[in-house]
Amino acid sequence: MLSFKITKLDIFQSYFFGETEFRSDKYKVNIQNQRRGKVLKLPFEIKPKSEKIVVRVSGEGGLFMEDYLPYKGESEWLEIDSDEITYFLADHQDQCDTIEVMYE
């Protein structure tokens, strides 16, 4: 499991943009709706055994939302395209502090 700490997350018209921290490395994050379908891209390469990966956004008190997203390879940023996660963040943006990527 990969755990990204959300250090900054700002809402724009139809997406969220901010910064995360993973093992003391800082990465930009972009979370938006599914205009191009569900997508997960990571700022480094992984070798998952299955095509779909669980992505969970969570916060204190057991608050979380997760979605199964197809891994689409490496990107400069952490990119998440998911209607479910985007709409959840619209209501709980300030309560979420972690993005977890779970795969085998």
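This text follows the structure it describes.
Residues take numbers from 1 onward in each chain, read along the sequence in its written order. Given that this is a predicted model, residues contribute local features only at a pLDDT of at least 70 and side-chain atom pairs are listed and counted only at 80 or more, while totals for whole chains, interfaces and linings are drawn from all residues. Each side-chain value is derived from all of the structure's non-hydrogen atoms; neither hydrogens nor water enter the calculation.

Residue Arg23 is not a glycine yet carries a positive backbone phi of 50°. Where helices and strands are cited, they refer to DSSP runs of H or I of at least four residues and of E of at least two residues respectively, numbered from the N terminus. Relative to the assigned elements, Arg23 resides in the loop between strand E2 (15-22) and strand E3 (25-32).

A separate point is the packing of aromatic side chains. One pair of aromatic rings is described through two measures. These are the centre distance and the angle between the planes. Only centres within 6.5 Å qualify two rings of Phe, Tyr or Trp (six-membered ring in Trp) as a pair; their planes then separate them into stacked at under 30 degrees, edge-to-face at over 60, and tilted for everything else. This structure, assessed with the given rule, holds seven aromatic pairs. On the basis of an interplanar angle of 70° and a centroid distance of 6.5 Å, the ring pair of Phe4 and Tyr27 is categorised as edge-to-face. In this pair, Phe4 is assigned in strand E1 (residues 2-11) and Tyr27 in strand E3, connecting sequence segments 23 residues apart. For the pair Phe4 and Tyr27, one class covers both residues: buried. An aromatic cluster is built from Phe4, Phe22, Tyr27 and Phe44, whose rings are joined through pairwise contacts. Taking the ring centre of Phe64 as reference, the NZ or CZ of Arg56 above it sits at 4.8 Å. Remark: exposure states derive from per-residue accessible area (1.4 Å probe, protein chains only) relative to the maximum for the residue type, with buried under 20%, exposed over 50%, and partly exposed in between. Only lysine NZ and arginine CZ atoms are considered, and such an atom sits over a ring when it is within 6 Å of the ring centre and within 35 degrees of the ring normal.

Attention now moves to the pattern of salt bridges. Proximity of charged atoms lets side chains of opposite charge pair with each other. In the sections that follow, a salt bridge refers to a side-chain nitrogen of Lys or Arg positioned within 4 Å of a carboxyl oxygen of Asp or Glu. Using the criterion set out here, one finds nine salt bridges in the structure. Close ionic contact of Glu21 with Lys26 constitutes a salt bridge, the shortest N to O distance being 3.0 Å. Taking the shortest distance from any N to any O, the salt bridge between Arg36 and Asp81 comes out at 2.4 Å. On the criterion of sequence distance, the pair formed by Arg36 in the loop between E3 and strand E4 (39-42) and Asp81 in strand E7 (residues 78-81) is long-range, its members being 45 residues apart. The partly exposed category is assigned to Arg36, whose relative accessible area is 45%. What you see here is one network of salt bridges that share partners, running through Arg36, Glu79 and Asp81.

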